[in-house]
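Structural characterization, general
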Amino acid sequence: FFFAIFRRFVVNMSKKVAAKGVDLKSLPKAEFLDARNAKFEALWQKQQEEYTAKAQNIKITMPDKTVREAQSWVTTPFDIALSISKSLAEKVIVAKVDEDLWDLGRPLEKDCSLELLDFEEPEAKKVFWHSSSHVLGYAMERYLNCKLSIGPPLEGGGFFYEADTDGRAVAEDDYSSLEAACKELTGQKAPFQRLVVAKDDAVEMFSYNPYKATILKDKVPEGGFCTVYKCGDLIDPCRGPHIFNTNRVKALAVTKNSAAYFQGKAENASLQRVYGIAFPNNDLMKQWKQFMEQAAQNDHRNVGKQQSLWMFHEFAPGCSFFYPHGARIYNTLISFIKTQYRKRGFDEVMTPNVYHHKLWEQSGHWQHYSENMFKIEIEKEIHSLKPMNCPGHMLMFASKNHSYRDLPMRFADFGVLHRNELSGSLQGLTRVRRFQQDDAHIFMRTDQIESEVESALEFVQYVYDIFGFQFYLNLSTRNPEKYLGDLSVWDDAESRLRKAMCKFCNIPLDFVDFEDKTVPYDGSPGCIKTFKKLVELGKYEKPLQYWVLNPHDAAFYGPKIDIQVEDCMKRKHQCATIQLDFILPERFKLSYIMSPQEREAREAAGQGGGVDGVAANTRPVVVHRAILGSVERSLAVLTEHWAGKWPFWISPRQVIVVPVAHEHDEYANSVRQKFHDAGFYTDADLGDNSLPKKVRNAQLAQYNFILVTGSAERENGTVAIRTRDGGQHGEKKVEEVLSWLEELRSTHSKEH
């Protein structure tokens, strides 16, 4: 998604789009600046006096266990970095204090551990881009005289800021002026000043801005406090943390603009959103631009157009049209998964596309997801197109009686789904309104959870190895403000997922740290860092990977394992998911007859009595599982991962037969027919071009194999084999080539 956002930026760079910037000195000052600055300065001075009065001697423990003396409420992480070396102070982006991210300019408050992070650290990158968004916010206020809304960093890198520009549409001609205003602020070396303020003071400070005031009123509890940051003339309510000063942003570019609704709701005001990218040095910006040029060339929308795979049309926003060659890829991908289903004990089912709204009320989706559903009135009753398959599968399971012997039961469904995504969020195949998923739901007993999750993870590994993806596991846990069910059930579910992930990754559930304490592996940054050091010292075996905790990001009905894939350009994408669900079985009153042993164990644990008035029954557990996720999104990722050079097994243009001259056309056609009959996508070029021109055209069209036929090949029943990379593989019998290609296809080989 991030790279699609910046596609226009790369196009502009290639066209050398340039616009003369405005004279910033000629711009009038925004009316709200003086009052906002005065309010901040008064509160800032009061805070500084309070900090000075609380100063005490404290000890700071560094990662190498050395201890440094400091003063609470006075000494900052930047001061510590500067005392070590000037180069370190210039390089560091953000601090970590007792494992919490901390502003470089924020005073330390007590004895603590301190770690200094540079731009190489993912957490530091996110902080840097967040701080850069404040620089962009300054520029937007300075140049557009606007009212700012939000300005977050983006997951894939970069940032944006939204603002009410009083009806003025931002255009590409504004980019140079915005960049000039950003440069004005970075040249000031303005520090990021962190101020803790009461809610009432914050609301008063931003009373001129309805967007900031609304956010403060909604997010900050009554009588509570929040933080406000100042850099230059920009003052913004923000959690932080931030870089030391604006001069750390050495290179910044405005990359795109669009319209967006405040808080993403169509009924709210329409705002202007401006995107940017920034780096702590110019070399990184140059590398990024080169990277983006390559990414634009491989963009799935470009490849789709060049290879006649898919298209989009304004009459069907968010929906893709697949040409015959695109449909070949789509169907091959689905067939690949279906073949694995048969081997792995999944049964494919088919379910309706339209359901009465009462189904979604029972599942809980109506309360939490209805705004994303396409609703239809049928005979004065509200129905909707299904945005997911799970409630339908619950109805199917509930329609029959089940015994413990029937479980696990694995339903798979490629049904068409529809989600009412906002028009501004639609992006090629990566964000659509109509799509299919390799969706599956596994109904199981509690004692089968870990083995089924491990099996699902192995399935993920098998598929992604064939694709050539590296993948990363994240455990998403309960959001305290948005979940259904009992806390104890959630805790049990999260514990079981943790056990399955540790086993799959070859990580011990508990390990002994450097202080001889036994600690659980929980995927938190500090835990991972400690365990990595122990592995480096040979204390523990190197795991398959270090799974990561993603706190508070679970769906409302259960914790999940999110799986990010990394493509050949080191970009990360969210595709697969494995979600544990104790809630839907309860809502749909699903049950199965327990084994005598399970019933006895539940009674011994005080959990007897059964369910729904039947003592012998209990609830199954459900795992929601997808590996491709959206097939459309996976195709976009694979297109760019392979740069449109499809591996033979999934290629829509596998073989082309090229006769040397027209006198060999009949033999070429007979060869084409043999490969076609064997199930390969095969064409023959019987045109008037020269042989070198035909071969070159075939290579550009990404045919995997080019079979040349002349007089010798006709007499010998052979073909001369060439590949799209220019390789020549000699002359072989047609039957021999057929066997070779069948092996490449059946093994999903990465060759050719």
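So, a few notes on the structure that sits alongside this text. Positions within a chain are numbered from 1, following the residues in the order the chain's sequence is written. Thresholds applied to this predicted model are a pLDDT of at least 70 for local features of residues and 80 or more for the giving and counting of side-chain atom pairs; totals over whole chains, interfaces and linings are not thresholded and use all residues. As a rule here, side-chain values come from all non-hydrogen atoms in the structure, and water together with hydrogens is ignored.

Turning our attention to the pairing of strand β36 (residues 728-733). The criterion for strand pairing is that DSSP finds at least two bridges linking the strands in question. By the criteria applied, helices consist of DSSP H or I runs no shorter than four residues and strands consist of E runs no shorter than two, each listed in order from the N terminus. As paired elements, strand β35 (residues 718-723) and β36 share 4 bridges and run antiparallel to each other. What sits directly across from Ala720, in β36, is Glu731. Once β35 ends, the chain turns through 4 residues before running back antiparallel as β36, passing Gly726 with a positive phi of about 95°.

The bulk of non-glycine residues show a negative phi, and the bulk of peptide bonds are trans. The peptide bond linking Gly240 to Pro241 adopts the cis configuration, its omega dihedral lying at -5°. By secondary structure assignment, the location of Pro241 is in the loop between β10 (234-237) and β11 (251-261). Residue Pro408 is reached from Leu407 by a cis peptide bond, and omega for that bond is 5°. In this structure, Pro408 sits in the loop between α15 (390-398) and β19 (409-413). With a phi close to 60°, Asp516 is a non-glycine residue in the positive phi region.

What counts as a ring pair is set by centres within 6.5 Å for rings of Phe, Tyr and Trp (its six-membered ring), and what kind of pair is set by the plane angle: stacked under 30 degrees, edge-to-face over 60, tilted for all other angles. For the structure shown, the criterion picks out 43 aromatic pairs. Measuring from centroid to centroid gives 5.7 Å for Tyr355 and Trp360, while their planes differ by 90°, and the two rings are edge-to-face. Trp360 matches Tyr355 in its accessibility class, with the two residues each being buried. Feature note: the residues Phe336, Tyr462, Tyr464, Phe467, Phe469, Phe471, Phe504, Trp642, Trp646 and Trp649 constitute an aromatic cluster, connected by ring pairs. Sitting over the ring of Trp102, Arg106 keeps its end group 3.5 Å from the ring centre. Using a 1.4 Å probe on the protein chains alone, a residue whose accessible area is under 20% of its type maximum counts as buried, one over 50% counts as exposed, and one in between counts as partly exposed. For a ring to carry a charge above it, either NZ of a lysine or CZ of an arginine must fall within 6 Å of the ring centroid while also lying within 35 degrees of the normal to the ring plane.

The angle between two axes is taken between their N-to-C directions and runs from 0 to 180 degrees, where each axis is a line fitted to C-alpha atoms and a helix contributes only its stretch in contact. Where helix α22 (residues 665-677) contacts helix α25 (residues 734-746), the two axes come as close as 11 Å, and the packing angle between them is 35°. Of the two possible hands of crossing, α22 and α25 adopt the one that is right-handed. Across the interface between the two elements, Tyr667, Val671, Lys674 and Phe675 of α22 pack against Val734, Glu735, Val737, Leu738 and Leu741 of α25. Residue classes in the contact of α22 with α25 are distributed as 7 nonpolar, no polar and 2 charged. By definition, turning the near helix anticlockwise from the far helix through less than a right angle yields a left-handed crossing, and turning it clockwise yields a right-handed one. Contact between two residues is taken to exist if any of their heavy atoms lie within 4.5 Å; hydrogens are not considered. Basically, the charged four are Asp, Glu, Lys and Arg, the nonpolar ten are Ala, Val, Leu, Ile, Met, Phe, Trp, Tyr, Cys and Pro, and anything else, Gly included, counts as polar.

Once that is clear, we can look at the packing of helix α16 (residues 449-467) against helix α17 (residues 487-505). Contact pair α16 / α17: the axes reach a minimum separation of 9 Å and the direction vectors enclose 45°. When the interaxial angle is binned, α16 and α17 end up oblique. Crossing handedness for the pair α16 and α17: right-handed. In this structure, α16 contributes Ile449, Glu450, Val453, Glu454, Leu457, Glu458 and Gln461 to the contact, and α17 contributes Arg496, Leu497, Lys499, Ala500, Met501, Lys503 and Phe504. For classification purposes, an angle smaller than 35 degrees is called roughly parallel, one larger than 145 roughly antiparallel, one from 65 to 115 roughly perpendicular, and anything else oblique.

This next bit is on the pairing of strand β7 (residues 159-164). With 5 of 6 residues buried, β7 lies mostly within the body of the structure. Summarising the sheet, β7 and strand β12 (residues 270-279) pair through 5 bridges and their orientation is antiparallel. Considered in β12, the bridge of Phe159 is made with Gly276.

Here we come to the environment of Leu309. Among the structural elements, Leu309 can be located in the loop between α11 (300-306) and β13 (310-312). Measuring from C-alpha to C-alpha, the distance between Leu309 and Gln436 comes to 17 Å, with 127 residues separating the pair along the chain. If near-sequence neighbours (up to four positions away) are discounted, Leu309 is found in contact with Val303, Gly304, Phe321, Phe322, Tyr323, His325, Gly326, Ile329, Trp646, Pro652 and Arg653.

When their charged atoms lie close together, side chains carrying opposite charge are able to pair. We count a salt bridge whenever a side-chain nitrogen from Lys or Arg sits within 4 Å of a carboxyl oxygen from Asp or Glu. Counted according to the given criterion, the structure contains 38 salt bridges. Between Lys212 and Asp236 there is a salt bridge; the shortest N-O distance is 2.5 Å. With Lys212 in helix α9 (residues 210-219) and Asp236 in strand β10, the pair connects residues that are 24 residues apart, well separated along the chain. For Lys212, a relative accessible area of 5% translates into the label buried. Residue Asp236 is classed as buried on the basis of its relative accessible area, which comes to 3%. Two residues, Asp492 and Arg496, come together in a salt bridge whose shortest N-O distance is 3.1 Å. With Asp492 and Arg496 both in helix α17 and 4 residues apart, this pair spans about one turn of that helix. The exposure class of Asp492 is partly exposed, given its relative accessible area of 31%.

Spatially, the 3 strands line up as an open sheet ordered β16-β18-β17, and their pairing is antiparallel. Strand pairing shows two members of the sheet lacking a second neighbour, β16 (354-356) and β17 (375-378), which therefore form its edges. Across the sheet, the axes of successive neighbouring strands diverge by a mean angle of 40°, strand direction being ignored. As judged from the 4 bridges shared by β17 and strand β18 (residues 381-385), these two strands associate in the antiparallel manner. In the sheet register, Ile378 faces β18, and the bridge partner there is Glu381.

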